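As a plain string of letters, each chain reads:
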Amino acid sequence: MDFITENLITILILLPAFGALAVLGHSIFWNEVKHLKWITLGITFVIFLVSLLLLGDSTLSANGYYFEKNVVWIEAINTNYHVGVDGLSLWLVILTTFIMPIAVLSTWDAVEKRHTAFYVFLLLLQSAMIGVFVSLDLLVFYLFFEASLVPMFFLIGIWGGSNRIYAAVKFFIFTALGSLLMLVAIISLYYMHFQQVGFGTFDYITLLNSLQSGKLIYGAGSTGTLLFLAFALAFSIKVPVFPFHTWLPDAHTEAPTAGSVILAAVLLKMGTYGLMRFNFTLFPEASRELAWIFIILAIIGIIYGALVAMVQPDIKRLVAYSSIAHMGFVILGMFSFTELGMQGALYTMLAHGVTTGALFLLVGFIYDRRHTRLISEYGGLSSIMPIYATFFVITTMASIGLPFLNGFVGEFLIMIGMWSATILSGSWNKIAAMLAGTGVIFAAVYLLWMVQRVFFGKLTNEKNRNLRDLNAREIGLMVPLLFLMVFMGVYPKPILDASKNSVVAIQKIVNGETKGGTVSTLKVKEK
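Quick caveat: nothing in here was measured; it's all calculated off a predicted structure. (Residues numbered from 1 in each chain as written. Predicted model: local features only at pLDDT ≥ 70, side-chain atom pairs only at ≥ 80, totals over all residues. Heavy atoms only, no water.)

Participant: Before we move on, could you go through the pattern of salt bridges and cite the residues and values that matter?
Facilitator: Per the counting criterion, the structure on display carries 10 salt bridges. One salt bridge connects Glu377 with Arg370, and the closest N-O pair in it is separated by 2.8 Å. Given the relative accessible area of 14%, Arg370 is considered buried. Through salt bridges with shared partners, a single network forms among Lys170, Asp250 and Arg317. (Salt bridge = Lys/Arg side-chain N within 4 Å of Asp/Glu carboxyl O. Buried < 20%, exposed > 50% of the residue type's maximum accessible area, 1.4 Å probe, protein only.)

Structure representation (structure tokens):
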């Protein structure tokens, strides 16, 4: 058990990769599609169970992380394999492992070609995503961040819709180009540390300690701002922040159901996680100076995403634009630099992963039956598919932010946090909160209008009369998601308590209350 505890994060990263090798081995010797499905499902389920060990008691390292592992990787450039979890990354890792078995089951009968490659890419993608959330070395983080692009590129490009090549290439170009600037900034930090401290390092903790002690100084001028922008561009494209959002609707629309679920639930969160973890702590002055830009872009994203979603004829594309609006709330909460706002941002990341992932699942269910996502093709489905309609309506209410469902908690905290913020001068903080609040109203409009047209009224298309309701597998997929929507809406305390110390520590750094970063305050949970 000690071995598992000491190497838990490494095990979580490697298990999907070894699972991919197992899938490849099976395809070479047996190549039974049914077996491939069960092997992949079993591996992802085991990984989820193993990830729950992160919630157990463990020793807090001197750096303020749990299950920390720091060993030399490439000694010549002073790069370590350095991983660990705190309150910021803990729930994102568990969200990743939770969503993967659901993603596998969602395309149980939908994949019609290259089954081995499909499941291999899913498992490799999981390995990369976990690596992103646990990396405490900037070079290792960058490698995992980039590695996540490749499996998703192929998932969209091979198993996507009719316009899949365009969507896959656009997704790859946007995210890869932004990441290259981040790599330049990472290398710049390495050489700045070498010149000022005497040795180069990519280690996040070492960089924070050097900033805290005053050994690493960005100097006068725009150096810190340029480094901040290089990181921020890569993360803003991933979120995506307006106006870098144009790849998202195409990628979501063309991706297979599993790809859309993973993209919405996990991949978008890599951007907001990166901003909070690296931008806020490594470049606190630039974060404060440029916060007004991100607040404006967040409000534009909230309103723009909602208005464009309102006129979408395609259900999946509507949900994709709703993601832009929801992630705008996350950015707004983060850049309020208040505890409530930042806690709300993290909570909204998790809630969005559950609700929007569920919405993409539900869209996939109806597409498998009718092979169309056009709203005009439906109408009166509640009388034909009552179970499906029930799940869809509840999930929609959670996405809108109905009290006692998960979407409400995070957005409520964000609004209060922004209202009480001091990052903007005068009454602009309150004005920003009020403008963002219109997004909640717009969300109710476009989601409820879509639900009314699809599910209620008379049956408008005879092709839908014989549609079958959800089967046992599909109900089984939705039940845990529905449970989380209710549980997170009624009892948010465990998640908020576990993340509080880490969020407060980052808040203090970005607000200048702690110079550089006293990493010993980055704790996960109360003992």
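Participant: Tell me about the packing of aromatic side chains, and name the residues and values.
Facilitator: Per the counting criterion, the structure on display carries 32 aromatic pairs. Ring geometry for Trp38 and Trp108: centres 5.1 Å apart, planes at 80°, overall edge-to-face. Of this pair, Trp38 sits in helix H3 (residues 33-51) while Trp108 sits in the loop between helix H4 (87-106) and helix H5 (115-134), and the two are 70 residues apart along the sequence. Among the residues examined, Trp108 registers a relative accessible area of 12% and is labelled buried. Arranged with centres 5.2 Å apart and planes meeting at 75°, the rings of Phe153 and Phe154 form a pair that is edge-to-face. Owing to a relative accessible area of 30%, Phe154 belongs among the partly exposed residues under this scheme. Three or more aromatic residues joined by ring pairs form one cluster here, namely Phe141, Phe145, Tyr204, Tyr218, Phe231, Phe235, Phe278 and Phe283. In this arrangement the basic side chain of Lys238 is found over the ring face of Phe145, its NZ or CZ atom lying 4.9 Å from the centre. (Phe/Tyr/Trp six-rings, centres within 6.5 Å; stacked < 30°, edge-to-face > 60°. Helix = DSSP H or I, 4+ residues; strand = E, 2+ residues; numbered from the N terminus. Lys NZ or Arg CZ within 6 Å of the ring centre and 35° of its normal.)

Participant: Would you mind going over the nonpolar core in detail, with residue names and values included?
Facilitator: Among the nonpolar cores identified, the biggest contains 197 residues, and Phe231, Leu282, Met334 and Leu481 are the most heavily contacted of them. Each residue touching Met334, except ones within four places of it in the same chain, is listed here: Thr272, Leu275, Met276, Phe280, Gly341, Met342, Ala345 and Met349. (Core = buried A, V, L, I, M, F, W, Y, C linked by side-chain atoms within 4.5 Å. Contact = heavy atoms within 4.5 Å.)

Participant: Summarise helix H21 (residues 493-510); cite the residues concerned and give the values.
Facilitator: Between its terminal C-alpha atoms H21 stretches 25 Å, which fits the 26 Å expected from 18 residues at 1.5 Å a residue. The sharpest bend along H21 reaches about 45° and sits at Lys500. Most of H21 is tucked away, with 13 of its 18 residues classed as buried. Where H21 ends, the next residue or the one after it, Gly512, has phi of about 80°, a positive value. (Expected span 1.5 Å × (residues − 1). Bend = angle between axes of the 7 residues up to and from the residue.)

Participant: I'd like a rundown of the pairing of strand S2 (residues 79-85), residues and numbers included.
Facilitator: Burial runs high along S2: 7 of the 7 residues are buried. Where strand S1 (residues 66-74) meets S2, 6 bridges bridge the pair, whose relative direction is antiparallel. When the bridges of S2 are listed, Asn70 appears paired with His82. What sits between S1 and S2 in their antiparallel hairpin is a turn of 4 residues, with Asn78 showing a positive phi close to 60°. (Pairing = 2+ DSSP bridges.)

Participant: Tell me about the packing of helix H17 (residues 386-400) against helix H20 (residues 472-490), and name the residues and values.
Facilitator: Between H17 and H20, the least distance of the axes is 11 Å, while the angle of their chain directions is 30°. The pairing of H17 with H20 is recorded here as roughly parallel in orientation. In the packing of H17 onto H20, the handedness of the crossing is left-handed. Contacts between H17 and H20 involve Ile387, Phe391, Ile394, Thr395 and Ala398 from the former and Ile475, Met478, Val479, Leu482 and Met485 from the latter. Per-class residue counts for the contact of H17 with H20 are 9 nonpolar, 1 polar and no charged. (Axes fitted to C-alpha atoms, helices over the stretch in contact; angles between N-to-C directions. Parallel < 35°, antiparallel > 145°, perpendicular 65-115°, else oblique. Left-handed = near helix turned anticlockwise from the far one by under 90°. Nonpolar A, V, L, I, M, F, W, Y, C, P; charged D, E, K, R; others polar.)

Participant: I'd like a description of the confidence of the model for the protein, backed by residues and values.
Facilitator: When pLDDT is averaged along the protein, the result is 91, and 97% of the positions lie at 70 or above. Across residues 516-527, where pLDDT falls below 50, the model places 51 contacts with residues more than four positions away in sequence or in other chains. (pLDDT = per-residue confidence, 0-100.)

Participant: Give a description of the environment of Leu359 that names residues and reports values.
Facilitator: Here Leu359 lies in helix H16 (residues 339-370). Overall, the relative accessible area of 0% leaves Leu359 in the buried class.

Participant: So what's going on with the packing of helix H12 (residues 257-282) against H21? Which residues, and what values?
Facilitator: Orientation of H12 relative to H21, taken along the N-to-C sense of each, is 35°, at an axis distance of 8 Å. Crossing geometry of H12 relative to H21 is assigned as left-handed. On H21, the residues that touch Met276, Arg277, Phe280 and Thr281 of H12 are Ile506, Ile509 and Val510. A per-class count over the contact of H12 with H21 returns 5 nonpolar, 1 polar and 1 charged.

Participant: Outline unusual backbone geometry, supporting the account with residue identities and numerical values.
Facilitator: Cis rather than trans, the peptide bond between Val239 and Pro240 has omega equal to -5°. Relative to the assigned elements, Pro240 resides in the loop between helix H10 (223-238) and helix H11 (247-254). You will see that Asn78, though not glycine, has its phi angle at about 60°, which is positive. With respect to the helices and strands, Asn78 occurs in the loop between S1 and S2. At Phe337, a position not held by glycine, the phi torsion is positive, near 60°. Positionally, Phe337 belongs in the loop between helix H15 (315-334) and H16.

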